[in-house]
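Spelled out from the first residue to the last, the chains are:
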Amino acid sequence: MPRGALAGVIVGIDPGHNGDNWDHTSYINQSVWNGREEETCDTTGTQEASGYTEAQFAFNVAQYLAAILQGQGRRWC
């Protein structure tokens, strides 16, 4: 990316996963509004056999991205 391409831009970081879905079992498989249409609520997401969840992976990537942006002097939220 060219130097200064994001100058003055605030970057929003949203991992987009709720790691606590398993705490809300009453919502699992219920119809929910996703912002465009009704759909069945995602269960708790996927995970590795070791227990490392998709939600944790997405959160870690967001943290790494925030650190990279901050290291380049960018603002993020």
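Everything numeric in this text was worked out from a predicted model, so none of it was measured. (Residues numbered from 1 in each chain as written. Predicted model: local features only at pLDDT ≥ 70, side-chain atom pairs only at ≥ 80, totals over all residues. Heavy atoms only, no water.)

All right, on to the overall build of the chain then. A count of helices and strands for the chain gives one helix and four strands. Listing the helices and strands of the chain from first to last along the sequence gives β-β-β-α-β. Counting over 77 residues, the chain shows a buried share of 16%. Taking as baseline every contact in the chain between residues at least 6 positions apart, the subset at least 24 positions apart corresponds to 47%. Here the chain displays about 6,200 Å² of accessible surface, and carbon together with sulfur accounts for 52% of that area. (Helix = DSSP H or I, 4+ residues; strand = E, 2+ residues; numbered from the N terminus. Buried < 20%, exposed > 50% of the residue type's maximum accessible area, 1.4 Å probe, protein only. Contact = heavy atoms within 4.5 Å. Areas by Shrake-Rupley, 256 points an atom, 1.4 Å probe, with all protein chains shown as cover.)

This part covers the packing of aromatic side chains. The tally for this structure, following the rule as stated, stands at one aromatic pair. Aromatic side chains Tyr 52 and Phe 57 sit 6.5 Å apart centroid to centroid with 90° between the ring planes, which places their arrangement in the edge-to-face category. With a relative accessible area of 32%, Tyr 52 lands in the partly exposed category. Since its relative accessible area comes to 48%, Phe 57 is described here as partly exposed. (Phe/Tyr/Trp six-rings, centres within 6.5 Å; stacked < 30°, edge-to-face > 60°.)

It is worth spelling out the side chain of Thr 53 at this point. Locating Thr 53 in the fold gives a position in the loop between β3 (38-40) and α1 (54-71). In this structure the side chain of Thr 53 is engaged in a polar contact, spanning 3.0 Å, whose partner is the backbone nitrogen of Gln 56. Setting aside residues up to four positions removed in sequence, Thr 53 forms contacts with Thr 46 and Gln 47. (Polar contact = N/O pair within 3.5 Å; in protein donor to acceptor, adjacent residues only side chain to side chain.)

So, on to a nonpolar patch on the surface. Taken together, the side chains of Tyr 52, Phe 57 and Val 61 define a hydrophobic patch exposed on the protein surface, amounting to about 270 Å² of accessible area. Locating Phe 57 in the fold gives a position in helix α1. (Patch = residues over 30% accessible without salt bridge, like charges linked within 9 Å, V, L, I, M, F, W, Y side chains within 5 Å. Salt bridge = Lys/Arg side-chain N within 4 Å of Asp/Glu carboxyl O.)

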